[in-house]
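Observations on chain architecture
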Amino acid sequence: MLSEYSKIVKDGLWLNNQAFVALLGLCPLLAVSNTVINGLGLGLATTMTLVLSNTIISLIRNFVPDEVRLPVFVLVIASVVTMIELAMNAWFFGLYKILGIFIPLIVTNCSIIGRAEAYASKQRADKAFLDGLFMGLGFTFALVTLGSLREIIGSGTLFAKAELMFGEAAKTWQIDVITDYSGMLLAILPPGAFIGLGLLIALKNIIDTKVKQRKPAQIQIPIQVAQEQ
Amino acid sequence: MNAIIKNTLSAATILGIFSLLGLGLTSLTFHKTEAKIQENERQALLANLKAVIPESLYDNDIVNDTLEVTDLNQDSTKPAVIYRARKKDNPVAAVMTVVTPFGYSGNITLLVAIKTDGTLTGVRAIAHRETPGLGDKIEIERSDWILAFDGKSLAMPKTQEWAVKRDDGYFDQFTGATITPRAVVGAVKNALLYFKHNQSLIFSTTESTPEGGN
């Protein structure tokens, strides 16, 4: 039972990461990852949408006939996103002004309907909730990683404009990674997003291969020790 | 046959119920957040106005004392809003929402505040899609460039010098970006000319009531 939950966590964050492995939701991923704060903002909004839509869809899955399943899912997702958009507009106005046009686009993030159809519509609510949470966090992780990469290379800073999300106190959070940096336009513009994502996926593949190679080696060590004794 | 109709009807009913639920929840959220969102927008506008014209200069409800004109931004489909600052009912300054289509990528929207004597109290870029790192230096958060307009008028520098240095004018351009500052200087100059020719008209109508002003 526990392993099933840990599988959900591992899948969401790494093995089936929606951005790095499933390559879903690329439109928001590439458009909004020019700074860490933008990435974090959209990532959290997407996570919230995934958690709510997955939970609701799992709860109603037994009342929805198969024929109208997809329209109902779309309806649920659209309502959830609209409510999140209104809530952000009311309580995180600064961030809303930056992410504004991308929030309705969460609806079009195929990983949301993807998780609804492939997972939430077949599973208990607690598992669907967890799946939504970790798929969302995995997506946020991708956005934040790509965001830091592009922000450091593009403008030489990190956490710029954090006050839009965390209030006035966060104004001092900005780190000038490279001082007196004139910036590299390519990283900020859309091509930088594609190149950055490509590099990150390559890095993930290298890590995965390394981990695979190391696993048999780890088993051999105790045997060698035994032989020496 | 009957079974098919029954199935279809029940599926349709369920879809209908979910539509109503979604609609209900969304409108509930809308009503809960509406006031807060309007207040946010008003505060954002006030903060922008405060940046271009000192609050001490006027005592009227500047956000609601507005005038819409169609001949200021000739390429724009929407009428331009002019906020009028008055002290003891006397005109003090006008803050104009100027849109220029000559930016590097799309429209640049500026707030231009002009005192009745024709001098600028401030200019701010409030919306644009200029290149990050180059053209976005018109934002006050990124560079002081936009402050160069403070205190200027059509007399200082002279009308023909209202251009960037590249065009033998008075104003600096940025390294690597001439188009954006050229567009902004041109738009501010247009606003000054418009104000000069229409000043009496701009202040002629009295303060609109809160119900009428929008």
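Residues numbered from 1 in each chain as written. Chains lettered and ligands numbered in written order. Predicted model: local features only at pLDDT ≥ 70, side-chain atom pairs only at ≥ 80, totals over all residues. Heavy atoms only, no water.

**Quick look at the sheet that holds strand S5 (residues 120-127) of chain B**
Residues and elements named next belong to chain B. The test is simple: When DSSP finds two or more bridges between a pair of strands, those strands are recorded as paired. Secondary structure follows DSSP: runs of H or I at least 4 residues long count as helices, runs of E at least 2 residues long count as strands, and numbering of each begins at the N terminus. Angles shown run from 0 to 180 degrees and are taken between the N-to-C directions of axes, each axis being a line fitted to C-alpha atoms and, for helices, limited to the stretch in contact. By definition, residues are in contact when any of their heavy atoms lie within 4.5 Å.
Pairing within the open sheet is antiparallel, and its 5 strands lie in the order S1-S2-S3-S4-S5. The outermost strands of the open sheet, each flanked by one partner alone, are strand S1 (66-69) and S5. When strand polarity is set aside, the average angle formed by the axes of neighbouring strands in this sheet is 20°. Pairing geometry for strand S2 (residues 80-87) and strand S3 (residues 90-100), over 6 bridges, is antiparallel. Paired with isoleucine 82 across the bridge in S3 is methionine 96. Most of the contacts of helix H1 (residues 2-52) go to S5, to which it runs at about 145°, and overall it touches S2, S3, strand S4 (108-115) and S5. Relative to S3, helix H2 (residues 179-204) is tilted by about 140°, and along the sheet it contacts S1, S2, S3, S4 and S5.

**Topic: the domain arrangement of chain B**
Residue and element names in this part refer to chain B. To keep things clear, this is the line we draw: Note that the domain bounds were set by an automatic or database domain assignment. Salt-bridge detection follows one rule: a side-chain nitrogen of Lys or Arg within 4 Å of a carboxyl oxygen of Asp or Glu. Throughout this description, a polar contact denotes any pair of N or O atoms lying within 3.5 Å of each other; where both atoms belong to protein, one of them has to be capable of donating a hydrogen while the other can accept it, and for residues adjacent in sequence the pair is counted only when both atoms sit in side chains. Residues are grouped as follows: Ala, Val, Leu, Ile, Met, Phe, Trp, Tyr, Cys and Pro are nonpolar; Asp, Glu, Lys and Arg are charged; every other residue, Gly included, is polar.
As far as domains go, chain B holds domain 1 (1-52) and domain 2 (57-202). For domain 1 and domain 2, the distance between their C-alpha centres works out to 38 Å. In this complex, domain 1 contributes 7 residues to the contact, which on the side of domain 2 involves 13 residues. Connecting domain 1 to domain 2 are 0 salt bridges. Applying the counting criterion to the domain 1 and domain 2 interface returns 3 residue pairs in polar contact (both at pLDDT 80 or more). For the side of domain 1 that touches domain 2, the class distribution of residues is 5 nonpolar, 1 polar and 1 charged.

**Regarding the interface of chain A and chain B**
As a reminder of what qualifies: Buried area: the sum, over both parts, of the accessible surface (1.4 Å probe) that disappears when the two are put together.
The partner chain B presents 22 residues to the 23 residues of chain A that form the contact. Together, the buried faces of chain A and chain B total about 1,800 Å²; carbon and sulfur atoms form 79% of this surface. Taken together, the connections running from chain A to chain B amount to 0 salt bridges. At the junction of chain A and chain B, the tally comes to 2 residue pairs in polar contact (both at pLDDT 80 or more).

**Remarks on the UniProt feature "transmembrane region" (unreviewed entry) in chain A**
Residues and elements named next belong to chain A. Filter applied, for reference: UniProt positions are given in the numbering used here, feature names are shortened, and annotations may be inferred rather than shown by experiment.
In this structure's numbering, the residues bearing the UniProt feature "transmembrane region" (unreviewed entry) are residues 12-31, 37-60, 72-92, 98-116, 128-149 and 181-203. A helix fraction of 50% and a strand fraction of 0% characterise residues 12-31, whose end C-alpha atoms lie 22 Å from each other. Within residues 72-92, the helical portion is 95% and the strand portion 0%, while the C-alpha atoms at the span's ends are 29 Å from each other.

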